[in-house]
Amino acid sequence: MIVVLSMATAVFADDDDKQQSADDAGSHRSALVLDEKTQIAAGLQTTALETSHFGTEVSVTGKALSLQPLLALRNRYLSQWAQSKQALAKLKQAEQNRQRQQDLFRHGVTSKRNLQEHQLQWQTDKAVVEASAFQSTAIVDEARLTWGDKLTALTLATDSSKLAGFLSGQAVLLQITLPADKHLSTANDVIYVEVSGHRDKASKAR
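Asker: So what's going on with the pairing of strand β3 (residues 61–65)? Residues and values would help.
Answerer: Little of β3 sits inside the fold, with zero of its five residues counted as buried. Bridging between β3 and strand β4 (residues 173–177) involves five bridges; their strand directions are antiparallel. Looking at the pairing, Leu65 lines up with Leu173 of β4.

Asker: Tell me about the nonpolar core, residues and numbers included.
Answerer: The nonpolar side chains of soluble globular proteins are, as a tendency, buried together. With 10 residues, the main nonpolar core is built from Leu67, Leu70, Leu73, Tyr77, Ile139, Val140, Ala143, Trp147, Leu156 and Leu173. For this core, the elements supplying multiple residues, two or more each, are α3 (68–106) and α4 (112–156). A total of five residues in this core trace back to one element, the largest contributor, which is α4. When residues no more than four places from it in sequence are discounted, the contact partners of Leu173 are Lys63, Ala64, Leu65, Leu67, Leu70, Trp147, Leu151 and Phe166. Leu91, Ala94, Trp122 and Val129 belong to the second largest nonpolar core, which has five residues in total.

Asker: An account of the packing of α3 against α4 is needed here, citing residue identities and associated values.
Answerer: Between α3 and α4, the least distance of the axes is 7 Å, while the angle of their chain directions is 155 degrees. Considering their axes alone, α3 and α4 lie roughly antiparallel with respect to each other. Between α3 and α4 the crossing geometry is left-handed. Residues that form the contact of α3 with α4 fall into these classes: 19 nonpolar, 14 polar and nine charged.

Asker: Any details on the confidence of the model for the chain? Residues and values, ideally.
Answerer: When pLDDT is averaged across the chain, the result is 81; 82% of the residues are at 70 or more. For residues 1–11, every residue scores under 50 in pLDDT, and the model assigns this stretch 20 contacts once sequence neighbours within four places are set aside. A low-confidence stretch, residues 18–23 (pLDDT under 50), is modelled with two contacts involving residues beyond four sequence positions or located in other chains.

Asker: An account of the layout of surface pockets is requested, with residue identities and associated values reported.
Answerer: The gaps of empty space that remain are located by a probe, the size of a water molecule, rolled over the atoms. If you add up the space inside the largest pocket, you get close to 1700 Å³. In this structure, the largest pocket is lined by 42 residues; those nearest its centre are Ile176, Leu184, Val190, Ile191 and Tyr192. Going through the elements one at a time, β3, α4, β4, β5 (191–193) and β6 (203–205) are the ones with two or more residues in the lining of the largest pocket. Sorting elements by how many residues they give to the lining of the largest pocket places α4 first, with six residues. When its residues are assigned to classes, the lining of the largest pocket shows 20 nonpolar, 12 polar and 10 charged.

Here is what the cut-offs are and how they apply
Residues numbered from 1 in each chain as written. Predicted model: local features only at pLDDT ≥ 70, side-chain atom pairs only at ≥ 80, totals over all residues. Heavy atoms only, no water. Buried < 20%, exposed > 50% of the residue type's maximum accessible area, 1.4 Å probe, protein only. Helix = DSSP H or I, 4+ residues; strand = E, 2+ residues; numbered from the N terminus. Pairing = 2+ DSSP bridges. Core = buried A, V, L, I, M, F, W, Y, C linked by side-chain atoms within 4.5 Å. Contact = heavy atoms within 4.5 Å. Axes fitted to C-alpha atoms, helices over the stretch in contact; angles between N-to-C directions. Parallel < 35°, antiparallel > 145°, perpendicular 65-115°, else oblique. Left-handed = near helix turned anticlockwise from the far one by under 90°. Nonpolar A, V, L, I, M, F, W, Y, C, P; charged D, E, K, R; others polar. pLDDT = per-residue confidence, 0-100. 1 Å grid on protein atoms, 1.4 Å probe; cavity = no way out; pocket = protein on both sides within 12 Å on 5 of 7 lines; lining within 4 Å. Points joined across faces, edges and corners; volume = space filled by probe spheres on them.

Given below as structure tokens:
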């Protein structure tokens, strides 16, 4: 610690800068230089300054949200996904049948009417696949609009392991309301939460 004895006289250690600047040289202040032994005898120590960073804190309000709406969207999406897989498999079979009927028709083995029936079935199955894809996209868009990209990706993923903590009650989904003139820094996505508002008892939330 550097100790200043008075406004007019300053104390410097041997290992501090002994050469004053040109500005200081022209001033009326005098400097007292203490050797190492005198410093030890006087109990003086010098410490290099370190940069400290402080962040402002604001009090906010929040509430725990039910995952039921998200889980309902997940169930709808997974059901639609399964239907899409079935529709794609059926379309693939219809495509193979249509190709086979075209080959048979070119060789005069089957009638044109039979070929047209298979073409119609292929068109019907293709329409079902397109409608199924549209429904899946609509569910994803609904989830993003309501819950945002991160929660949508977490909820609609086929791997449900990331939801285990929420389903078991070990993790809670919080909705935090910030003041109108405040925003959460992207460099620090951690907030401190405590039901009664006691800062020293708060837990981290991301």
